[in-house]
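What follows is the residue order along each chain.
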Amino acid sequence: MKSILAYFDKPLLKVSLVFGLVTGILVFIFFLGLYMIGIVPLGNNKVMDFGIHIIMIAGACWYFRKKVGNGFLHLWEALTIGYVVNTIGALISGWLIYFFVTYVDPAVFTDYIAEMKSLMMEGKAELVKNIGEAEFMKMYNGVGSMQTSEIIMDEVSKKTVMGIIPILIISLIFRKQDYGVFHNNKS
């Protein structure tokens, strides 16, 4: 057990996990804010919550560079921080949203399904032209048979794909290495 605890005692992992936890909670608060003002908090309206992920990833890289790395941050450290914060934040928010739509207000999920179906019907002509009638009906029926448990993996997969470029850019911006080891100090 001590070896497991020692593994999680690394600053790189601790900082990333804490920032990821805070990210997940902030995204859930954003979800609740949309819910409180009467907007369907799933779907297209929820995409804006990725800004929270970006801000928290940048904050985690900055914090690690300033407090742990003594002004230095390797690219691999920044990439690790970015992906861990993003993934943990998506997992936490996914689970919190899942519990909310399962136990607090299931109507949020049914409203989301209804909105998705109406959007598909609005763009049916274009979709049928691109993928065919049979594939459209398969996709339409698939949306109708979605389960609330799919919210978690949907959240993680979307955030992972959306995070690739921003995490790389943030990592490149915040990296700072000590190149002194490459200098030849011979007199």
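What comes next concerns the included structure. (Residues numbered from 1 in each chain as written. Predicted model: local features only at pLDDT ≥ 70, side-chain atom pairs only at ≥ 80, totals over all residues. Heavy atoms only, no water.)

1. Description of unusual backbone geometry
Note the cut-off: Put simply, DSSP marks the helices as runs of H or I at least four residues long and the strands as runs of E at least two long, and each gets a number from the N terminus on.
Although it is not a glycine, Asn-70 sits at a positive phi angle of roughly 50 degrees. The topology assignment puts Asn-70 in the loop between helix 3 (50-68) and helix 4 (75-104).

2. A look at the layout of surface pockets
The line we're drawing: A cavity here means a set of 1 Å grid points, computed over protein atoms only, where a 1.4 Å probe fits but cannot escape. A pocket is an open set with protein on both sides within 12 Å along at least 5 of 7 lines, and lining residues have an atom within 4 Å of a point. Grid points are joined across faces, edges and corners, and a volume is the space filled by probe spheres set on the points. When residues are sorted by character, Ala, Val, Leu, Ile, Met, Phe, Trp, Tyr, Cys and Pro go into the nonpolar class, Asp, Glu, Lys and Arg into the charged class, and all the rest, Gly among them, into the polar class.
In this structure, the largest pocket encloses a volume near 310 Å³. For the largest pocket, the lining is made up of 17 residues, of which Gly-43, Lys-46, Asp-154, Glu-155 and Lys-158 are closest to its centre. Counting residues per element, the ones that place at least two in the lining of the largest pocket are helix 5 (107-122) and helix 8 (150-174). Classifying every residue of the lining of the largest pocket gives nine nonpolar, two polar and six charged.

3. A few points about the packing of helix 2 (residues 11-36) against helix 3
We count it as follows: With axes taken as lines fitted to C-alpha atoms, and helix axes fitted only over the stretch in contact, angles between N-to-C directions fall between 0 and 180 degrees. For this classification, under 35 degrees means roughly parallel, over 145 means roughly antiparallel, 65 to 115 means roughly perpendicular, and everything else is oblique. Crossing handedness is read from the near helix: turned anticlockwise from the far helix by less than a right angle, it gives a left-handed crossing, and turned clockwise, a right-handed one. Between two residues, a contact is recorded if the distance between any of their heavy atoms is within 4.5 Å.
Contact geometry of helix 2 with helix 3 gives a least axis separation of 10 Å together with a crossing angle of 155 degrees. Accordingly, the angle class assigned to the pair helix 2 and helix 3 is roughly antiparallel. For the pair helix 2 and helix 3, the crossing hand works out as right-handed. On the side of helix 2, the interface is formed by Pro-11, Leu-12, Val-15, Phe-19, Val-22, Thr-23, Leu-26, Val-27 and Phe-30, while helix 3 contributes Ile-52, His-53, Met-56, Gly-59, Ala-60, Tyr-63, Phe-64 and Val-68.

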